[in-house]
Amino acid sequence: MGIKRGTTLATAAIVVVLAATACGPTDDKAADTTKPVGAAAAQDYGQAPAAADGAAGAKPAGQLAAAPDDKLGQVLTDSAGLTLYRFDKDTAKPPKSNCDGDCAKTWPVVAAGDVTAAAGMDPALLGEVVRTDGSKQLTVAGWPAYRFNKDAKAGDVNGQGVGGVWFAFGPDGKKAAKAEAPAPAEGGAAEADGKLSVAKDPKLGDHIVDGKGMTVYRFKPDTQWPMTSKCVGDCLTKWPVVAPLEKAEDKGIVEKNYTVLNRPDGQKQQSVDCWPVYTFTGDKKPGDVNGQGVGGTWYAVSPDGKLITVQ
């Protein structure tokens, strides 16, 4: 089939080496494995392919990327930065394309083969379906993939919502949608998100919390040098990253190697002493420590950035 499945959650781990800090001497751009949107010249998909259903001459996707979009969040793109779409009238189980003829002229199919999963994306989501003309089309989570002939350049999402049936792919194969900010927890702190502070817990003692008083965690498989986050894909759904913060707003937190991790998925993540930090969706209100010890890999963080392993 030609689909490259060499990426795993282990090998897709994000390694970013920061310049001029003890986290590493290398420029952080050197470790960014995601090709920036627009890095390659946008291809012209405006002309209808010669075949009746538009499948002949279909172009493969190459290196996929998760590109940030202000309205949609993370959007799946091809190697040229062009948005990939799914069609509600298709089916994923079993995979089947119902876009032929004029439809495939407006929505050129993405050929199967010569495709590599985006950083942090599960390679098992990539597959193929045989179209009615015998050609093979890329699928993502079972859904056939298309481009839109009115997307002229990298970053365009002109096909989003067309006819109420066409939607940009997210890196998980679902319709791209920006996650809504969680509502402030009842009784939660009224502080802004842009700071970390220290809270006390009867069992954990002093531990780091974010601006809303929510417990901050570290992931044991992560590494400090080189600074690496191994929480990718579905992991981030349960363990959102802590956004970059201003040192001057933090009180009681060690400032040594207080750096920012530039993740290939476009997110920037705060670290404490070069350890990436996260929150847990299972914590519903300030003071919750439901993430403590989960899987034997997630632990609250002491003010000096160390794991708090008490249960």
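Quantities reported herein were computed from a predicted structural model and do not represent experimental measurements.

**Some remarks on the state of the cysteines**
Here's step 1: Taken as a whole and judged by the stated rule, the model has two disulfides.
Here's step 2: In this model, Cys-99 is linked to Cys-103 through a disulfide, with the two sulfur atoms separated by 1.9 Å. As the torsion about the S-S bond is roughly -110°, the Cys-99-Cys-103 disulfide counts as left-handed.
Here's step 3: Classification of Cys-99 as buried rests on a relative accessible area of 0%.
Here's step 4: Classification of Cys-103 by relative accessible area gives partly exposed; the value is 22%.
Here's step 5: Across the disulfide from Cys-231 sits Cys-235; the S-S distance is 2.0 Å. Given an S-S torsion of about -110°, the disulfide between Cys-231 and Cys-235 has left-handed geometry.
Here's step 6: The buried category is assigned to Cys-231, whose relative accessible area is 0%.

**Looking at the packing of aromatic side chains**
Here's step 1: The tally for this structure, following the rule as stated, stands at 12 aromatic pairs.
Here's step 2: Between the aromatic rings of Phe-87 and Trp-166, the centroid separation amounts to 4.2 Å while the plane-to-plane angle is 10°, which identifies the pairing as stacked. Of the two residues, Phe-87 is situated in strand β6 (residues 85-87) and Trp-166 in strand β13 (residues 166-168); the sequence distance between them amounts to 79 residues. Across the pair, exposure class does not vary: Phe-87 and Trp-166 are buried alike.
Here's step 3: Ring geometry for Tyr-217 against Phe-280: centres 6.4 Å apart, planes inclined by 80°, an arrangement best described as edge-to-face. Of the two residues, Tyr-217 is situated in strand β16 (residues 217-219) and Phe-280 in the loop between β20 (275-276) and β21 (298-301); the sequence distance between them amounts to 63 residues. With respect to burial, Tyr-217 and Phe-280 carry one shared label: buried.

**Focus on the nonpolar core**
Here's step 1: Counting 16 residues, the largest nonpolar core has Leu-64, Leu-76, Met-121, Leu-126, Leu-138 and Phe-169 as the members making the most contacts within it.
Here's step 2: Elements supplying a minimum of two residues to this core: β9 (110-116) and β11 (136-140).
Here's step 3: Apart from residues no more than four positions distant in its own chain, Met-121 is found in contact with Leu-64, Leu-76, Leu-126, Val-140 and Pro-171.
Here's step 4: The next biggest cluster of nonpolar side chains, apart from the first, holds 14 residues, and it includes Val-75, Val-109, Val-165 and Trp-166.

Analysis parameters
Residues numbered from 1 in each chain as written. Predicted model: local features only at pLDDT ≥ 70, side-chain atom pairs only at ≥ 80, totals over all residues. Heavy atoms only, no water. Disulfide = S-S within 2.5 Å. Buried < 20%, exposed > 50% of the residue type's maximum accessible area, 1.4 Å probe, protein only. Phe/Tyr/Trp six-rings, centres within 6.5 Å; stacked < 30°, edge-to-face > 60°. Helix = DSSP H or I, 4+ residues; strand = E, 2+ residues; numbered from the N terminus. Core = buried A, V, L, I, M, F, W, Y, C linked by side-chain atoms within 4.5 Å. Contact = heavy atoms within 4.5 Å.

Treat this as a map of the structure, not an account of what it does.
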